[in-house]
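Working through the structure, step by step
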Amino acid sequence: MSNERMAWGWGLASVDAAGNTLDVWYPKLTLGEAPAEGSRPNHQFDAMVHVETDVRGVRRIPVFTISALDEPIVDAADAYLRLHLLSMRLVKPNTMNLDGIFGKLTNVVWTNFGPFAVPDFTLRRLDVMAAATQTASGLPRADVSVLAIDKIPRMADYVVPTGVRIADADRVRLGAYLSEGTTVMHAGFVNFNAGTLGVSMVEGRISQGVVVGDGSDIGGGASIMGTLSGGGKLRNTIGEHSLLGANAGIGISLGDNCVVEAGLYVTAGTKITIYDKAKVEAGEPLEVVKGSDLSGKNNILFLRNSLTGGIEARHRKTGIELNEQLHKN
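What counts and what doesn't
Residues numbered from 1 in each chain as written. Predicted model: local features only at pLDDT ≥ 70, side-chain atom pairs only at ≥ 80, totals over all residues. Heavy atoms only, no water. Helix = DSSP H or I, 4+ residues; strand = E, 2+ residues; numbered from the N terminus. Buried < 20%, exposed > 50% of the residue type's maximum accessible area, 1.4 Å probe, protein only. Contact = heavy atoms within 4.5 Å. Areas by Shrake-Rupley, 256 points an atom, 1.4 Å probe, with all protein chains shown as cover. Lys, Arg positive; Asp, Glu negative; His and termini not counted. Charge placed at Lys NZ, Arg CZ, Asp CG, Glu CD. Salt bridge = Lys/Arg side-chain N within 4 Å of Asp/Glu carboxyl O. Core = buried A, V, L, I, M, F, W, Y, C linked by side-chain atoms within 4.5 Å. Domains from an automatic or database assignment. Polar contact = N/O pair within 3.5 Å; in protein donor to acceptor, adjacent residues only side chain to side chain. UniProt positions renumbered as here; feature names shortened; annotations may be inferred. Pairing = 2+ DSSP bridges. Axes fitted to C-alpha atoms, helices over the stretch in contact; angles between N-to-C directions. Expected span 1.5 Å × (residues − 1).

Attention now moves to the overall build of the chain. Within the chain, the secondary structure is distributed over 4 helices and 26 strands. Burial status across the chain gives 43% buried among its 329 residues. Counting contacts in the chain only where the partners sit at least 6 residues apart, residues at least 24 apart contribute 49% of the total. Counting every atom, the chain has about 15900 Å² of accessible surface; 51% of that belongs to carbon and sulfur. For the chain, the centre of its 31 positive side-chain charges and the centre of its 35 negative side-chain charges are spaced 2 Å apart.

Turning our eyes to something else, we now look at the pattern of salt bridges. A complete count under the given rule lists 9 salt bridges for this structure. Here arginine 82 and aspartate 78 are joined by a salt bridge, their closest N and O atoms 2.9 Å apart. You can see arginine 82 and its partner aspartate 78 sitting in helix H1 (residues 76–87), 4 residues apart, about one turn around the helix. When its relative accessible area of 0% is taken as the criterion, arginine 82 is described as buried. Judged by relative accessible area, aspartate 78 falls into the buried class, the value being 2%. With a closest N to O distance of 3.8 Å, arginine 89 and glutamate 180 form a salt bridge. With arginine 89 in the loop between H1 and helix H2 (101–104) and glutamate 180 in the loop between strand E9 (176–177) and strand E10 (182–184), this residue pair connects regions lying 91 residues apart in the sequence.

On to the nonpolar core. Within soluble globular proteins, side chains that are nonpolar generally end up buried alongside one another. Formed by 63 residues in total, the largest nonpolar core has its most connected members in Ile206, Ile224, Leu244, Val260 and Phe302. Sorting the residues of this core by element identifies strand E1 (6–16), strand E2 (21–25), strand E4 (58–68), H1, strand E5 (108–111), strand E25 (300–304) and strand E26 (311–315) as the ones contributing at least two each. Considering each element in turn, this core owes the most residues, 8 residues, to H1. Counting contributing residues, this core receives three or more from each of domain 1 (6–103) and domain 2 (165–315). Apart from the residues within four sequence positions on either side, phenylalanine 302 is in contact with Ile252, Leu254, Val259, Val260, Glu261, Leu264, Val266, Ile272, Leu294, Glu312 and Ala313. Val109, Phe116, Phe121 and Val128 belong to the second largest nonpolar core, which has 5 residues in total.

By the secondary structure assignment, asparagine 193 is in the loop between strand E11 (189–190) and strand E12 (194–196). The exposure class assigned to asparagine 193 is buried, which follows from its relative accessible area of 3%. Polar side-chain contacts of asparagine 193 include one of 2.8 Å to the backbone nitrogen of asparagine 94. Leaving out residues up to four positions away in the same chain, asparagine 193 has contacts with Leu86, Pro93, Asn94, Leu98, Gly175, Ala176, Gln208, Gly209, Val210 and Arg235.

Those residues carrying the UniProt feature "binding site: succinyl-CoA" (unreviewed entry) are Arg205, Gly220, Ser223, Ala246, Glu261, Ala262, Gly269 and Lys290 in this numbering. A stretch of 86 residues holds the annotated residues, and the largest C-alpha distance among them is 25.9 Å, long enough that they do not meet in one place. Glutamate 261 gets classed as partly exposed once you look at its relative accessible area, which sits at 28%. Not counting residues up to four positions away in its chain, the partners in contact with glutamate 261 are Gly245, Ala248, Phe302, Leu303 and Arg304. Looking at the secondary structure, you find glycine 269 in the loop between strand E22 (265–266) and strand E23 (271–274).

In sheet architecture, strand pairing relies on hydrogen bonds along the backbone and comes in two forms, parallel and antiparallel. Read from one edge of the open sheet, 3 strands run E6-E5-E7, paired in antiparallel fashion. On the outer flanks of this sheet lie strand E6 (114–117) and strand E7 (146–150), each paired with one strand and no other. Across the sheet, the mean angle from the axis of one strand to that of its neighbour is 25°, orientation sign disregarded. Sheet analysis places E5 next to E6, joined by 4 bridges and oriented antiparallel. The residue bridging tryptophan 110 from the neighbouring strand is proline 115, located in E6. Each of E5, E6 and E7 touches helix H3 (residues 121–131); the most contacted strand, E6, lies at about 135° to it.

This part is about H1. Compared with an ideal rise of 1.5 Å per residue, which puts 12 residues at 16 Å, H1 spans 17 Å between its outermost C-alpha atoms and is within 8% of the ideal. Burial analysis of H1 places 12 of its 12 residues in the buried class, which makes it a mostly covered element. For H1, the full list of buried residues reads Ala76, Ala77, Asp78, Ala79, Tyr80, Leu81, Arg82, Leu83, His84, Leu85, Leu86 and Ser87. A distance of 3.3 Å separates the backbone nitrogen of alanine 77 from a side-chain oxygen at the start of H1, and that oxygen is part of aspartate 75.

Time to look at the pairing of E25. Pairing analysis gives 2 bridges linking strand E21 (residues 259–260) to E25, with the strands arranged parallel. Within E25, the residue paired with valine 259 across the bridge is leucine 301. By the bridge criterion, 5 bridges tie E25 to E26 in an arrangement that is antiparallel. Looking at E26, one finds that leucine 301 is bridged to arginine 314.

For the rest of this paragraph, the subject is the side chain of arginine 82. Polar side-chain contacts of arginine 82 include one of 3.1 Å to the backbone oxygen of alanine 68. Within the structure, the side chain of arginine 82 is placed 3.4 Å from the backbone oxygen of leucine 69, a separation counted as a polar contact. The residues contacting arginine 82, other than those within four sequence positions of it, are Ser67, Ala68, Leu69, Glu71, Pro72, Ile73, Met96, Asn97 and Leu98.

Listed below in structure tokens is the structure:
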């Protein structure tokens, strides 16, 4: 095992009455080979451990997890460890084996009282409400609010990275990688195994497997095609100082200093005319290529010709500059 990439740590697991692991929280993780059993820090979990089932039907127990990052995921504890590694910025997206992660996780009802198992949630919810502290008026102080029903929770409940702003914590999943200087606005979304590699403004969607370079802006309503739905292996990326305009989208990668105008969607099969001023003036035909031919190339402005409706690629000398004050997080 010493020749493999390893990570390890103590976590606090929530286990339902059927023995399913609903989640695991790791306060700290370490890369490298795990120490001997007698020298493993346990974070003084004692006060938080509930060996007996609580009113939610959940037990909280400590678990020690060792993960071989290049090997398939073993169980839910291993899956949560790898998601934590990403959000803790210990491992970058697309650099460890996440194949089959959904098969190791169970659907969970995420609430303000913590995770619940799905099958008996309604009755457990009543039990929690009955056990809640009563006010003088006889009304419960807090109802059970459902935040989501999903296999992966929101990041901020487990990891709070330094140097970032997140306007709506529901929009960033555990396993997102957010570099310092990143701002995720209210409509922005960052999936697991995806994120930013530097200062960035995120007002659109960063799908699974997608990384965005330093100084780039994902405009409001913009979308970057990921790999989950189609099952493909191609990873789309955005380079440095590039802009994906509002309500635009890409199914290809953008290099450095690129811009996709607002409302334009460019896919691998999109027919794009390469604009050449000299050829236009000489009356010569312009070259037409597919979007995949320009994937990852630098210094390109993608736009729709307002007269012909055709999509064009034009040379762009410089990239965008983000507001420095805005991203001093």
